[in-house]
Amino acid sequence: MLKKFWNSLNKKNDNTNEEIIEKDDLKAEEENLENANKDEDINANDMNEDDKEVIEEESIVESVEENIEENIEENTEESTLNDNIEAEKIEEVSLNQAEPDMDEEQPQKNLGFFAKLKEGLSKTTQNLTGKLDELFKGHIEIDEELYEEIEEILITGDVGFETTLKIVDMLRKNVKKKSIQDVKEVREELKLIVEEILSGDDSYLKLEPKPAILVIVGVNGVGKTTSIGKIAMRLKSEGKSVLLAAGDTFRAAAAEQLEVWADRAGVELIKHQEGSDPSAVIFDAISGAKARNTDVLICDTAGRLHNKKNLMQELAKIFRIIDREYPEATKEVLLVIDATTGQNAINQVKIFKEAAPLTGIILTKLDGTAKGGVVLSIKSEQQLPIKLIGVGEKIEDLQDFNAKDFAKALFSSN
């Protein structure tokens, strides 16, 4: 009879009527059993045991139903929490994934990344190189008017005034030096100049020798916490041990948001109460990283620009603690910039360069803007390498920056 109850529990909650029928059948069978054994001496305690068995069975049913309701409530709460962060599909990555057996598989993987980069830069390509293509089609000769119109397109494409003058000056010299006569070749030369400006040996995350510490800075709303989460998941998938530090103690729910990412990535998080001293969090995180022999410690920081003085003081204190408590660590200080802000991003770079020893830039939301030309300004005018770029919402859409691939995607024909 218990089997009938368990079978009914495997159905959904709308089977309540069937459960009632099953219970009625149980009672009917018990009454038949009582009438059939009237002539035999039945111990009253045995009947009590039967009653207890029925009560226990009903208790099991109620307990399981309560567990189901609790699971539903927990899933609802988790879903609500996840809605507070950027929605994206998280795929499991095997830490022991085997290397491809066929050489042909690796180019397919690279092509996939390039295709995503090209798609992510589509708005910038349309705004910048699309206009350049129309310009080259309408010109027969390489004259001063051509150079002036190239300048106008680059400036309006958020490349920046100083960087535009630098690019056009380089273009003039190269055209003369290489004796270029065909307007179509000017486009290819322009692509090579963009690649040259963006190139550098420092455009990758430096995580060796271990241990390493990444300090992530940036104003609120640029995608700082999301970038930290994506980096953590990526490093964890590569087999590295990672620890997160919730150093943004002033923004409401910042630690909770980072905790969701820590849970997703399967890494630990060091946090304090909201409003506490950020440097105290970093101090405890460094101690934790040493105790755990952690490969990479990633620190979130406050992004308040309404009071520049306080921002500088907070960051200065954090870096003093890092220098004192973790001098052996390989250090990266990365500024997260929202590409949709265009040339306003340059002002953010200038402010944070005063407050922190920046080593690179994470440029997010390139897929949502036509202002991707700001990449050139940041690299050329501020002398900071672009380390990572975001060209979508998925984990794999936060890509390592590659100058050659970027220039190729920017100047690719649709």
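Cut-offs used in this document
- Residues numbered from 1 in each chain as written.
- Predicted model: local features only at pLDDT ≥ 70, side-chain atom pairs only at ≥ 80, totals over all residues.
- Heavy atoms only, no water.
- Helix = DSSP H or I, 4+ residues; strand = E, 2+ residues; numbered from the N terminus.
- Buried < 20%, exposed > 50% of the residue type's maximum accessible area, 1.4 Å probe, protein only.
- Contact = heavy atoms within 4.5 Å.
- Areas by Shrake-Rupley, 256 points an atom, 1.4 Å probe, with all protein chains shown as cover.
- Pairing = 2+ DSSP bridges.
- Axes fitted to C-alpha atoms, helices over the stretch in contact; angles between N-to-C directions.
- 1 Å grid on protein atoms, 1.4 Å probe; cavity = no way out; pocket = protein on both sides within 12 Å on 5 of 7 lines; lining within 4 Å.
- Points joined across faces, edges and corners; volume = space filled by probe spheres on them.
- Nonpolar A, V, L, I, M, F, W, Y, C, P; charged D, E, K, R; others polar.
- Salt bridge = Lys/Arg side-chain N within 4 Å of Asp/Glu carboxyl O.
- Core = buried A, V, L, I, M, F, W, Y, C linked by side-chain atoms within 4.5 Å.
- Right-handed = clockwise from strand over helix to strand, strands pointing away.

Caption draft 1: Region of interest: the overall build of the protein. Scanning the protein from N- to C-terminus turns up 16 helices and eight strands. Within the protein, buried positions represent 44% of all 414 residues. Considering only intrachain contacts with a sequence separation of at least 6, the fraction spanning at least 24 residues in the protein is 77%. Of the roughly 22600 Å² that the protein leaves accessible, carbon and sulfur atoms contribute 46%.

Caption draft 2: Quick peek at the sheet that holds strand β6 (residues 360-364). Across the sheet, which stays open at both edges, the eight strands sit in the order β3-β2-β4-β1-β5-β6-β7-β8 with mixed pairing between neighbours. Strands with a single pairing partner mark the edges of an open sheet, and in this sheet they are β3 (268-270) and β8 (398-400). Direction aside, neighbouring strands of the sheet carry axes that sit 25° apart on average. Sheet strands touched by helix α11 (residues 254-265): β2 (242-246), β3 and β4 (296-300). Its angle to β2, the strand with the most contacts, is close to 170°.

Caption draft 3: Highlighting helix α15 (residues 374-382). Within α15, eight of the nine residues are buried, leaving the element largely enclosed by the surrounding structure. Buried within α15 are the following residues: Val374, Val375, Leu376, Ser377, Ile378, Lys379, Ser380 and Gln382. Directly after α15, the chain includes glutamine 383, whose backbone phi takes a positive value near 55°.

Caption draft 4: Summary view of empty space enclosed by the protein. Counting across every chain of the model gives two cavities of 30 Å³ or more. Considering only enclosed or pocket space, the second largest cavity measures out at about 40 Å³ in volume. Every residue along the wall of the second largest cavity is listed here: Leu128, Leu132, Leu154, Leu190, Val194, Leu376, Leu410 and Phe411. By residue class, the composition of the lining of the second largest cavity is eight nonpolar, no polar and no charged.

Caption draft 5: Layout of the environment of leucine 171. With respect to the helices and strands, leucine 171 occurs in helix α8 (residues 161-177). In sequence terms leucine 171 and glutamate 189 are 18 residues apart; their C-alpha atoms lie 7.1 Å from each other. Sequence-distant contacts of leucine 171, defined by excluding residues within four places in its chain, comprise Tyr147, Ile150, Val186, Glu189, Leu190 and Ile193.

Caption draft 6: Quick peek at the pattern of salt bridges. Within the structure shown, the criterion is met by 18 salt bridges. Between glutamate 238 and lysine 240 there is a salt bridge, with its nearest N and O atoms 3.4 Å apart. In this structure glutamate 238 comes out as partly exposed when scored by relative accessible area, which is 45%. Where aspartate 338 meets lysine 365, a salt bridge forms, and the shortest distance between an N and an O atom there is 3.3 Å. Of the two residues, aspartate 338 is situated in strand β5 (residues 330-338) and lysine 365 in the loop between β6 and α15; the sequence distance between them amounts to 27 residues.

Caption draft 7: View of the nonpolar core. With 106 residues, the main nonpolar core has Ile150, Leu244, Leu297, Ile298, Leu363, Ile389 and Phe406 as its most contacted residues. By residue number, the principal contributor to this core is helix α9 (residues 183-198), which donates seven residues. Filtering out sequence-adjacent residues up to four positions away, isoleucine 389 remains in contact with Leu117, Leu363, Leu366, Asp397, Leu398, Gln399, Phe401 and Phe406.

Caption draft 8: Structural view of the pairing of β5. Buried residues dominate β5, accounting for eight of its nine residues. With five bridges connecting them, β5 and β6 associate as parallel partners. If you follow valine 336 over to β6, its bridge partner there is isoleucine 362. The parallel pair β5 and β6 is bridged by helix α14 (residues 344-355), and the resulting crossover is right-handed.

Honestly, that's just the spatial picture; any functional story needs more than this.
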